[in-house]
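Analysis of the macromolecular model
Here's the letter readout for the chains.
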Amino acid sequence: MGLLGEGITEVIAVTKDNAAPMGIIVKPGMSPRMILFKGSATVENILKHGWVTANFVSDCYLYPQYAFSNAAPSDFSEVFVGGVMMQRLLGADAWMGFLTRVLHETEETYYIELMPVASEYIREDPRPINRGFNSVIDATVHATRYVHSRDDSLKMLIEYHLGIIAKCGGPREREAGVLLKEICGL
Ligand SMILES: Cc1cc2nc3c(=O)[nH]c(=O)nc-3n(C[C@H](O)[C@H](O)[C@H](O)COP(=O)(O)O)c2cc1C
């Protein structure tokens, strides 16, 4: 699957005029899938327009930024792929374009099949492993739930990851940590 490894790959999903972190699920012998909770702009756009691009980024700050605020029009570049005008993140290291199909709906989610129609590598240099980067992703996942539930166990997880960001992260990870603290009121 090229850019997508087996398991769940955390990308910035771009749909019409919108960006948000989302996971893409890859299992052997199956097309890639997304499980999308109802209520997001991402799911509404996919249902309406039938496409999504997966954007691979090495700037960790983009995960909390796009989880909690809207993208600007200047963040996107238009790409005509699969017979459709899609958008991708201008700052992506790499991206893939997908046409989408709803496979299944539950009370809370849509299960979406992704049919790849394009992919492009823009930045070739590898991203070094940094625990701070990974903790920004984890803390952002917990923060998207914490802002609604104010659950103490999530707060503890976020604080654990903020500690790793402070210890192992570079300047951009620390900026993302400050943003997450503000968002969570910590
Ligand atoms: C790393 C990461 C992965 C996420 N994966 C998913 C996902 O697979 N499905 C989902 O519905 N929400 C997921 N979320 C939560 C959405 O990003 C969040 O609800 C976001 O606010 C939706 O934005 P939107 O309304 O602009 O689409 C994820 C969040 C993070 C930080």
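Keep in mind that this is a model prediction, so the values were computed, not measured.

Comments concerning the overall build of the protein
Secondary structure summary: the protein contains five helices and eight strands in total. Ordered by position from the N terminus, the helices and strands of the protein form the series β-β-β-α-β-α-β-β-β-β-α-α-α. For 186 residues, the compact-globule estimate of 2.2 N^0.38 gives 16 Å, and the C-alpha radius of gyration of the protein, at 16 Å, lies within 12% of that figure. Principal axes of the C-alpha set define a box for the protein whose edges measure 45 × 40 × 35 Å. Across the 186 residues in the protein, those meeting the buried criterion constitute 46%.

Section: the UniProt feature "domain: DUF447" (unreviewed entry) in the protein
Summarizing the sequence annotation, UniProt attributes the feature "domain: DUF447" (unreviewed entry) to residues 9-122 and 130-182 in the numbering used throughout. Counting secondary structure, residues 9-122 comes out at 14% helix and 56% strand; the distance between its end C-alpha atoms is 18 Å. For residues 130-182, helix accounts for 91% and strand for 0%, while the C-alpha atoms at its two ends are 23 Å apart.

Here's the deal with the packing of helix α3 (residues 131-149) against helix α5 (residues 171-184)
At a minimum axis distance of 10 Å, the contact between α3 and α5 shows a crossing angle of 10°. Classed by the angle they form, the pair α3 and α5 counts as roughly parallel. Only Glu173, Ala176, Leu180, Ile183 and Cys184 of α5 make contact with α3, whose side of the interface consists of Gly132, Phe133, Val136, Ala139, Thr140, Ala143, Tyr146 and Val147. Within the contact of α3 with α5, the residues separate by chemical class into 10 nonpolar, two polar and one charged.

A few points about the domain arrangement of the protein
Assigned domains of the protein: these are domain 1 (7-121) and domain 2 (131-184). The C-alpha-based centres of domain 1 and domain 2 are spaced at 23 Å. Every contact between the two is made by 11 residues of domain 1 and, on the other side, 14 residues of domain 2. Between domain 1 and domain 2 lies a buried interface of about 1,100 Å² when both sides are counted; carbon and sulfur atoms form 83% of it. The three residues of domain 1 that bury the most area against domain 2 are Cys60, Tyr61 and Phe68, which together make up 57% of that side's buried surface. Our count for the contact surface shared by domain 1 and domain 2 stands at one salt bridge. Here the side of domain 1 that touches domain 2 takes five residues from helix α2 (residues 62-68), the largest share from any one element.

Observations regarding the pairing of strand β1 (residues 7-15)
Pairing between β1 and strand β2 (residues 18-26): nine bridges, direction antiparallel. Looking at β2, one finds that threonine 15 is bridged to asparagine 18. Taken together, β1 and the strand that follows it, β2, pair antiparallel across an intervening segment of two residues, in which aspartate 17 is found at a positive phi of about 55°. With three bridges joining them, β1 and strand β4 (residues 51-56) adopt antiparallel strand pairing. Among the inter-strand pairings, alanine 13 is bridged to a residue of β4, identified as alanine 54.

Rules used throughout
Residues numbered from 1 in each chain as written. Predicted model: local features only at pLDDT ≥ 70, side-chain atom pairs only at ≥ 80, totals over all residues. Heavy atoms only, no water. Helix = DSSP H or I, 4+ residues; strand = E, 2+ residues; numbered from the N terminus. Rg over C-alpha atoms; globule rule 2.2 N^0.38 Å. Buried < 20%, exposed > 50% of the residue type's maximum accessible area, 1.4 Å probe, protein only. UniProt positions renumbered as here; feature names shortened; annotations may be inferred. Axes fitted to C-alpha atoms, helices over the stretch in contact; angles between N-to-C directions. Parallel < 35°, antiparallel > 145°, perpendicular 65-115°, else oblique. Contact = heavy atoms within 4.5 Å. Nonpolar A, V, L, I, M, F, W, Y, C, P; charged D, E, K, R; others polar. Domains from an automatic or database assignment. Buried area = accessible area lost by both parts, 1.4 Å probe. Salt bridge = Lys/Arg side-chain N within 4 Å of Asp/Glu carboxyl O. Pairing = 2+ DSSP bridges.

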